[in-house]
Amino acid sequence: MSWLSSGLSFARQLSRSLDPRHDYEPQACYNSFCKHWQQAHDIILKSQPQHLRDDVLGVVNHLEQLATLLVLEARAREINTATSPAACLEYLLSENLLDKLYEWAICTGKFENAVRLEQLKLFGSLVSHYSTQVIAAEPFLRPLLKLLSGVRNALLPPDIESQLVTLLNQLSVALMQNMKFIDLFFLTMHTQEGSRAEFIIVRLLLLSVHREGSTGSAARDALLLCAKMSASCPQLADFMLSGNTCQILATGLSALYSQLPRTLDDKIYRLTPDDVNQVNKLTLFIDSLEFCNAVAQVADPSIKKHLLDLLYQGFLVPVMGPALLQSGASEQAAAMAYLELLLRCVTSRGLLRAVLHFLFVYEYDDVRVIDVLLGRLEGNSQLSLVSLALMETLIDLNCEDVMLELVFKHLLSGQHLMNCRHKVTDPEQYRDAAVAFLQLAPKCCQRPMEKTKQWCDELALSGRRVLDFNVNPERRLNGTHDEFAMSNLVHETKTNYGNPNESLYNNYHAYICDSRFEIVSRALACSTWTSKYDAVTQKRETNNNTKETKEIADITHTKEQDSLISCTSGYETKTSDSSENQPHSLTSLNEQDEAKNEQTSEVLNEGKEHDSLTSLGESSGYESFRYKEGEDSEGFAEEVFRKSLGKREAREFDGEPLVRNWRASAESIIGPLVSSLLKKTSSLLSSEVVANCRVTSVISKLASLPTPLLTSLLLCPTVGLQPNVPSLYQILSKLKEEIDELTEGIENSEELVDKARVFLIQREMALVNTRGQNNDETQGRDASPTRRPDDSPFKRVESKRRSFSSWSVFGRRLSSSSPSQQNAHSLQNTAHPSPQKRPIFTQESYWNQSITLRTILNAIILDEWLKELAALCEEHALRLTAINYEDDTYMHSVAL
C-alpha cells in the first residue's frame with residue numbers, strides 16, 4: 001500500500017502540527033468534519049469498479065482528515081473541560097458513519113486491506129481519546145465487532161497486524177479501567193460442538209503473542225492485561241482456561257527454545273545483556289518467558305495452575321530436560337546457560353516453583369536433574385564454569401529449601417565436625433579467623449599500592465599511560481553520572497566507601513562495609529526461614545555407616561507439609577522407590593499465609609538475643625579489629641595464632657570423643673557443592689582469571705549467609721573438622737606457601753605485581769563502563785509497560801550494591817563479561833583512551849604464557865579475596881556479639 005503514502009503524508013503532518021490552544025474553533029472544526037464526511041460519502045455512493053483505486057484513495061484521504069479533526073477536538077476538550085460538547089463525535093455516531101464505512105470496505109476487493117488499515121486507525125483514535133464515551137455506543141461497537149470478527153481467521157499483512165494489535169492494546173487498557181464493559185466483547189460462536197462465548201480480544205491477541213518486535217510486545221502487554229482481568233471476571237477466566245491460551249503460551253515457548261543456538265562461544269559462562277541483544281531469538285525467548293511468568297503472577301488461579309502444568313509437562317520435562325542431558329559438553333554448556341538465565345527471569349509468584357520442582361525432584365533414569373548438574377562442577381572447562389554460574393544463581397534466590405538441598409542437609413547431622421558440641425556461634429572464632437586470613441597474604445603482594453601508582457605515573461611520563469588513578473568526575477560508573485546505588489545508604493549510615501568514581505581495589509574498609517551490607521541483606525532475605533542453622537540437630541552415631549538422623553527426617557517431613565513442591569499440584573514426578581522416603585521441599589518460595597507467618601515468627605524469636613537483627617540500637621563499630629597496613633602486627637603473628645588454635649582445639653574436644661569416619665569422602669559428608677568449591681579453590685594457581693573469580697564469588701556468597709553451621713565450616717579454622725573434610729583455611733594456607741615458593745627469587749616480581757594490579761583494575765573499570773552502556777541499551781529494549789526498570793533479569797538476583805567494594809563483586813564483573821565486551825573493552829582505559837597500542841600485559845593472553853605470570857596474577861586475586869574473607873569474619877563476629885547489630889534505618893535502607 002505504498003501508493004497511499006504520498007496522499008496521506010500531508011494529513012498526518014497536519015495532525016502532528018495542530019495546536020488545540022490556537023488552531024481549534026469548535027464551529028469551524030464541526031463544519032469541516034461534516035464536509036469531509038459528505039465528500040467521502042459521495043465517493044462511496046458513486047463508486048464504480050473501474051475507478052475503484054481512485055475512489056479508495058479519495059475516501060482514505062477524507063478518513064485521515066476526519067481522524068485529525070476528532071483528535072483535535074479531543075485534545076481541546078482535555079485542555080478546557082468547559083468546551084462545548086464533542087460535536088464531531090456526536091455527528092459520527094448519529095450518522096452511523098463507521099457502519100457505512102465498514103459495509104463499503106468489504107466490497108472494495110483487492111483494496112479492502114487499504115481501507116481496513118484506515119478503519120483500524122480511526123477506531124484506535126476514538127478509543128484512545130474518547131474511550132468512555134464510545135466503547136459502549138452501538139454505532140461504534142457494532143462496526144468494531146464486525147471488523148474484528150472479519151479478521152479472526154485472516155492472514156494479515158504486517159502493517160495491518162501491527163495496527164490491529166495497537167487497537168487491541170488500547171481496548172484492553174480501556175476495559176481495564178472500565179471492567180463493566182467486558183461483556184460487550186464476548187461474541188457467540190457457533191461450531192459443530194455447539195455455541196460458545198468467545199472473547200474476541202484474547203482470540204486475536206493470541207495470533208501475535210509470539211511475534212518479534214513492537215507488535216509482539218504490544219500483544220503481550222494487552223494479553224497480560226486480559227489475564228489480570230480474568231482474576232476478577234469468571235467468564236473471561238473460563239474462556240482463557242477452556243480455550244487455547246495456555247497451550248499457545250507453553251508450546252510457543254518450547255518452539256522458541258528450539259530455535260536457540262545449540263552451542264555458544266566457548267568464552268561465554270553466563271549470558272549477559274550484551275549476549276541476549278546480539279542473539280535475536282534469545283531476546284524473543286526471554287521476552288516470552290517473562291510474559292509467561294507475568295501471566296502466572298496476575299491471572300486467575302485456575303489459569304495459573306493450568307499454565308504451570310503445561311509449562312512443566314510441555315516445556316521443562318520434554319524440552320529443557322533432554323537439552324540438559326544431551327551428549328556433547330558444548331551443547332550441555334549452552335543448555336545450562338539458558339537454564340541459568342531462565343532462573344534469573346522467573347519469580348517466586350510465577351514460574352520459579354515449577355522450575356525448582358523440575359530441578360530438585362524430577363528424575364531421568366532415577367537420577368535427579370540437580371544431581372546431574374552438580375556433577376558437572378569438576379574441572380575448568382566451559383561446562384564447569386557455567387555450572388558454577390548456575391549454582392551462584394540458585395544461592396542468590398535465598399531460598400531455604402534450595403540451600404537445604406544443596407548444603408544444609410549434609411551439615412545438619414554434624415558429620416563434618418570432630419566434636420558435635422562445638423559452638424559454631426562463638427564470635428571469638430570469627431575474630432581469630434579474620435586475623436588468620438589476613439596473615440595468609442602472599443609475600444609478593446606486600447608491595448604497597450602507592451608503589452603501583454608511582455609506577456603507573458612513571459609510565460605515563462614516558463608516554464605509556466596504562467591507568468589513571470586521578471579522579472575524573474565525568475566518568476560513568478555502572479552506567480550513571482555522579483550517583484551509584486548505595487548513595488542513599490552511604491549518606492544515611494555515614495559510611496566512607498571511598499570516592500565512587502575510583503576503583504576501591506585494596507580498600508579493606510570498603511570490604512568491611514560491603515560485608516556488612518551483604519550479611520544484613522541476606523539476613524533480611526532469610527528472615528522467614530524456619531531454622532537459623534546454628535547448631536547440629538542431635539548427637540551423632542559413631543560408626544562408619546551413619547544414616548540421616550530421625551530429627552533431620554522429622555524436620556524435612558515437617559517442611560514438606562507446606563513445601564513448594566507439594567503445593568505445585570498437577571506435576572507427575574517420576575521417582576524411584578528409594579527416593580519416596582526422602583522428601584524434598586522448597587518451602588521458602590511458597591506464598592506465606594498468616595498462619596505460616598505467625599509460625600515463622602515464633603521460630604525466629606527463639607534463640608539468643610544477639611541473633612536478632614530487628615532490635616533497636618547502633619553498630620558497635622569496626623575500630624577494635626580494623627586491619628591497618630603498616631602497623632606493628634606482632635601480636636597477630638601467624639605462629640601465635642597457630643598456638644592459640646591448638647589450645648582452642650584441645651579445650652573444645654574435652655568431654656566428647658573424637659569420631660573419625662575415615663572411609664567417607666568429603667563429598668558424602670559436606671555435599672557435592674561445598675566439596676567441589678573447595679577442590680576448585682585448591683587449584684586456584686592453575687586456573688584462569690574467570691574461573692577463579694567465579695569460584696571466589698560463590699564461596700563469598702555462601703559465607704555471607706547468616707547461618708553459623710555453614711559459615712563456621714567455611715571461615716573458622718578453629719572448628720575441628722573430620723580429617724577427610726578439607727578446610728578453606730588449610731587450602732589457602734597451602735596456596736600461600738606455593739605462591740611464595742614459586743615467586744621467591746624472581747627479579748622483577750614487583751613490576752609483575754604492578755602489571756597484574758593494573759590489568760585487573762583496568763579490566764574492571766572497562767567492564768563497569770560497558771555494563772553501564774548495556775543497561776542503557778537494555779532499558780530501550782525493555783520499554784514495555786509490563787516490565788519495571790528494576791525487573792531486568794540481569795539485576796534481579798544481583799547484589800543491590802553497584803560500587804566496587806568487594807572482591808566477589810569485582811569477580812562477578814570479570815566472570816560475567818561476554819567475548820564482545822572483553823574484545824572491545826578489556827584493553828582500553830575508558831577514562832582516558834590512548835591512540836597508541838596498549839602494552840601487552842593488559843591482554844589476558846599475556847598472563848597465560850607461563851606458570852610464573854599466572855601465579856603472580858592469581859596471587860593478586862588471592863590477596864584481595866583474603867581481605868574479603870577477613871571482612872566477612874569480622875562482620876559475623878560483630879553480628880554474633882552485638883545485641884543490636886544494626887538499627888532499623890540501616891536495615892530499611894538495605895531492604896530498599
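For every chain, the first residue of the written sequence is number 1, and numbering continues from 1 onward in sequence order. Per-residue local features of the predicted model are confined to residues with pLDDT of at least 70, and side-chain atom pairs are confined, for both listing and counting, to 80 or more; whole-chain, interface and lining totals are unaffected and use all residues. Each side-chain value is worked out from all heavy atoms of the structure, with water and hydrogens disregarded.

**Considerations on the overall build of the protein chain**
The test is simple: The way it works is that DSSP assigns letters per residue, a run of H or I at least four long becomes a helix, a run of E at least two long becomes a strand, and they are numbered from the N terminus. Accessibility here uses a 1.4 Å probe with only protein chains present; expressed as a share of the type maximum, an area under 20% marks a residue as buried, one over 50% as exposed, and anything in between as partly exposed. Residue contacts follow a heavy-atom distance rule, with two residues in contact if any of their heavy atoms lie within 4.5 Å. Here the Shrake-Rupley method, with its probe set to 1.4 Å, supplies the accessible areas, and only the displayed protein chains count as covering residues.
The helix and strand inventory of the protein chain stands at 39 helices and 4 strands. Considering the protein chain as a whole, with its 896 residues, one finds that 58% of them fall into the buried category. In the protein chain, 81% of the contacts between residues at least 6 apart in sequence involve partners at least 24 apart. As displayed, the protein chain offers around 37500 Å² of accessible surface, 49% of which is attributable to carbon and sulfur atoms.

**Looking at the packing of aromatic side chains**
The condition that has to hold: Each Phe, Tyr or Trp ring (for Trp, its six-membered ring) is paired with any other whose centre lies within 6.5 Å, and the angle between the two planes then decides the class: stacked below 30 degrees, edge-to-face above 60, tilted in between.
Applying the stated criterion to the full structure yields 18 aromatic pairs. Members of the aromatic cluster, each reached through a chain of ring pairs, are Tyr257, Phe285, Phe315 and Tyr338.

**Side note on the packing of helix 3 (residues 26-46) against helix 4 (residues 52-79)**
For clarity, the threshold we go by: The angle between two axes is taken between their N-to-C directions and runs from 0 to 180 degrees, where each axis is a line fitted to C-alpha atoms and a helix contributes only its stretch in contact. Oblique is the label for every angle not falling under 35 degrees (roughly parallel), over 145 degrees (roughly antiparallel), or within 65 to 115 degrees (roughly perpendicular). It is the rotation of the near helix from the far one that decides the hand of a crossing: anticlockwise by less than a right angle makes it left-handed, clockwise makes it right-handed. Classification used: nonpolar for Ala, Val, Leu, Ile, Met, Phe, Trp, Tyr, Cys and Pro, charged for Asp, Glu, Lys and Arg, polar for all others including Gly.
Packing of helix 3 against helix 4 leaves a shortest axis separation of 9 Å and a crossing angle of 160°. Judged on the interaxial angle alone, helix 4 and helix 3 are roughly antiparallel. The interaxial crossing formed by helix 3 with helix 4 has left-handed handedness. Contacts from Cys29, Ser32, Phe33, His36, Trp37, Gln39, Ala40, Ile43 and Ile44 in helix 3 reach Asp55, Gly58, Val59, His62, Gln65, Leu66, Leu69 and Leu70 in helix 4. Residues that form the contact of helix 3 with helix 4 fall into these classes: 10 nonpolar, 6 polar and 1 charged.

**Remarks on helix 9 (residues 158-177)**
How we decide: Working rule for helices: expected span equals 1.5 Å times residues minus one.
When the terminal C-alpha atoms of helix 9 are compared, their 29 Å separation across 20 residues agrees well with the 28 Å that a helix rising 1.5 Å per residue should span. For helix 9, the set of buried residues is Ile160, Glu161, Gln163, Leu164, Val165, Leu167, Leu168, Asn169, Leu171, Ser172, Ala174 and Leu175. Considering only its buried residues, helix 9 is in contact with helix 7 (112-134), helix 8 (138-150), strand 2 (194-199), helix 10 (200-205) and helix 11 (213-230).

**Section: the nonpolar core**
Which entries qualify depends on this criterion: Note on terminology: a nonpolar core comprises buried Ala, Val, Leu, Ile, Met, Phe, Trp, Tyr and Cys residues joined through side-chain atoms within 4.5 Å.
In terms of nonpolar packing, the biggest core is built from 253 residues, with Phe185, Phe199, Phe285, Phe358, Leu359, Leu394 and Phe437 touching the most fellow members. If one sorts the elements of this core by residue count, helix 38 (residues 851-881) sits on top with 16 residues. Apart from residues no more than four positions distant in its own chain, Phe358 is found in contact with Tyr312, Leu316, Val317, Met320, Gly321, Leu324, Tyr364 and Val369.

**A word on the environment of Leu310**
By secondary structure assignment, the location of Leu310 is in helix 16 (residues 301-325). Those residues in contact with Leu310 that lie beyond four places of it in its chain are Cys246, Gln247, Ala250 and Phe315.

**A word on the pattern of salt bridges**
Basically, it comes down to this: Note on definitions: salt bridges are taken to be side-chain nitrogens of Lys or Arg within 4 Å of carboxyl oxygens of Asp or Glu.
A complete count under the given rule lists 32 salt bridges for this structure. For Glu198, the salt bridge identified is with Arg203, shortest N-O distance 3.5 Å. Exposure class is identical for Glu198 and Arg203. Each is buried. A salt bridge links Glu340 to Arg270; the nearest nitrogen and oxygen atoms lie 2.9 Å apart. With Glu340 in helix 17 (residues 329-345) and Arg270 in the loop between helix 13 (245-258) and helix 14 (273-278), the pair connects residues that are 70 residues apart, well separated along the chain. Assigned by exposure class, Glu340 and Arg270 land together as buried. Taken together, the shared-partner salt bridges connect Glu392, Asp396, Glu518, Arg522, Arg694 and Lys701 into one network.

**Thoughts on the pairing of strand 2**
This is how the line gets drawn: Two strands pair under a simple rule: DSSP has to find at least two bridges between them.
In terms of strand pairing, strand 1 (residues 186-191) meets strand 2 through 6 bridges, oriented antiparallel. Within strand 2, the position partnered with His190 by the bridge is Ser195.

**Let's talk about the packing of helix 11 against helix 12 (residues 234-242)**
Where helix 11 meets helix 12, the closest approach of the two axes is 7 Å, and the angle between their N-to-C directions is 120°. The orientation of helix 11 relative to helix 12 falls into the category oblique. Across from Leu223, Cys226, Ala227, Met229 and Ser230 in helix 11, the residues of helix 12 making contact are Pro234, Leu236, Ala237 and Met240. Of the residues that constitute the contact of helix 11 with helix 12, the class distribution is 8 nonpolar, 1 polar and no charged.

**Some thoughts on unusual backbone geometry**
Of note in the backbone geometry, Asp365 takes a positive phi value of approximately 55° without being a glycine. Summarising the element assignment, Asp365 is placed in the loop between strand 3 (363-364) and strand 4 (367-368). For Asp365, a relative accessible area of 68% gives the class exposed. A positive phi angle, near 55°, is found at Asn398, a position not held by glycine. For Asn398, the position within the fold is in the loop between helix 20 (382-396) and helix 21 (400-411). For Asn398, a relative accessible area of 16% gives the class buried.

**Some remarks on the environment of Ser208**
The residue Ser208 is located in the loop between helix 10 and helix 11 in this model. With 10 residues separating them in the primary sequence, Ser208 and Ala218 have C-alpha atoms 9.0 Å apart. With near-sequence residues (within four places) excluded, Ser208 lies in contact with Glu161, Val165, Thr215, Gly216 and Ala219.

**Observations regarding the side chain of Glu198**
Here is the rule we go by: Two N or O atoms form a polar contact when they lie within 3.5 Å of each other; inside protein one atom must be a possible hydrogen donor and the other a possible acceptor, and for residues adjacent in sequence the pair counts only when both atoms belong to side chains.
Tracing the chain through its elements places Glu198 in strand 2. Assessed through its relative accessible area of 1%, Glu198 is described here as buried. A distance of 2.9 Å separates the side chain of Glu198 from the side chain of Arg152, its partner in a polar contact. Those residues in contact with Glu198 that sit more than four places away from it in its chain are Arg152, Phe185, Phe186, Leu187, Met189, Arg203 and Phe239.

**What about the confidence of the model for the protein chain?**
The cut-off we apply is this: Every residue carries a pLDDT, the predictor's confidence in it, which falls somewhere between 0 and 100.
Overall, the prediction assigns the protein chain a mean pLDDT of 76, with 69% of residues at 70 or greater. Confidence over residues 542-662 falls short of pLDDT 50; this stretch has 215 contacts with residues more than four positions distant or in other chains. Note on residues 823-836: pLDDT under 50 across the span, and 29 contacts to partners over four residues away in sequence or across chains.

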